[in-house]
Amino acid sequence: MTHQELGQQLKIAREQLGFEIKESAASIKIDAKFVEKMEIGDFTFLPDVYVRSFLKEYAIVLHLDPDEVLEAYKGLRKAPEVKHPPVQAPPPTPVHAPPPPPPPPPSRRRLTNHILMNPWTQSHSNHKLTCNRN
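1. Details of the packing of aromatic side chains
- Within this structure, the stated rule accounts for four aromatic pairs.
- Measuring from centroid to centroid gives 5.0 Å for phenylalanine 34 and phenylalanine 45, while their planes differ by 20°, and the two rings are stacked. Remark: phenylalanine 45 occurs in the loop between helix H3 (32–40) and helix H4 (48–61) and phenylalanine 34 occurs in helix H3; sequence separation between them is eleven residues.
- On the basis of relative accessibility, which here comes to 17%, the residue phenylalanine 34 falls in the buried class.
- For phenylalanine 45, a relative accessible area of 16% corresponds to the buried category.
- Both rings, one in phenylalanine 43 and one in tyrosine 73, keep their centres 5.4 Å apart while their planes meet at 65°; by these two values the pair is edge-to-face. Here phenylalanine 43, found in the loop between H3 and H4, pairs with tyrosine 73, found in helix H5 (residues 66–78); they are 30 residues apart in sequence, far enough to count as distant. As far as burial versus exposure is concerned, phenylalanine 43 and tyrosine 73 are alike and both buried.

Following this line, the structure appears as structure tokens:
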């Protein structure tokens, strides 16, 4: 028996008695949406202890044997579930640090000191640079 078949049995029993969903839900003091879920075979709406209690009360209202309904439900819980392949999360996107800021431009003083202290420029400092302007 499947979840849907158990729910179908509950629905057929309710319809044979001529009850509406709201009437049968009110008689066991639960919300009608829970009765609807049980009748479609969805028993995941609340923790198992509540579902079993609702099933037992609902079976009594529908003139079904509550022990048989609970045994059918217990058998469904023990049935092997279809296992889906595990969902893998995408690999984390690497977080790149921003590039370091560019070095500050050399100051005129540092540049001047570099030229004055450079041995190559000192050895060639006797040469005159001329510029021909017309």
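Picking up after the structure, the text goes on.
2. Describing the pattern of salt bridges
- Scanning the model with the defined rule gives four salt bridges in all.
- Between arginine 14 and glutamate 39 there is a salt bridge; the shortest N-O distance is 2.6 Å. Placement of arginine 14 in helix H1 (residues 3–17) and of glutamate 39 in helix H3 is noted, with a sequence separation of 25 residues between them. For the pair arginine 14 and glutamate 39, a shared accessibility class is recorded, and that class is buried.
- Residue lysine 37 is joined to aspartate 42 by a salt bridge in which the shortest nitrogen-to-oxygen separation is 3.6 Å.
- For lysine 37, a relative accessible area of 32% corresponds to the partly exposed category.

3. Re the confidence of the model for the protein
- Residue-level pLDDT values for the protein average 78, and 70% of them are 70 or greater.
- Across the protein, element-level confidence peaks in H1 with a mean pLDDT of 92 and bottoms out in helix H7 (residues 119–123) with 55.

4. Quick word on the environment of valine 61
- Relative to the helices and strands, valine 61 is located in helix H4.
- Among the residues examined, valine 61 registers a relative accessible area of 19% and is labelled buried.
- Through-space distance from the C-alpha of valine 61 to that of serine 27 is 7.4 Å; in sequence the pair is 34 residues apart.

Thresholds, definitions, all that
Residues numbered from 1 in each chain as written. Predicted model: local features only at pLDDT ≥ 70, side-chain atom pairs only at ≥ 80, totals over all residues. Heavy atoms only, no water. Phe/Tyr/Trp six-rings, centres within 6.5 Å; stacked < 30°, edge-to-face > 60°. Helix = DSSP H or I, 4+ residues; strand = E, 2+ residues; numbered from the N terminus. Buried < 20%, exposed > 50% of the residue type's maximum accessible area, 1.4 Å probe, protein only. Salt bridge = Lys/Arg side-chain N within 4 Å of Asp/Glu carboxyl O. pLDDT = per-residue confidence, 0-100.

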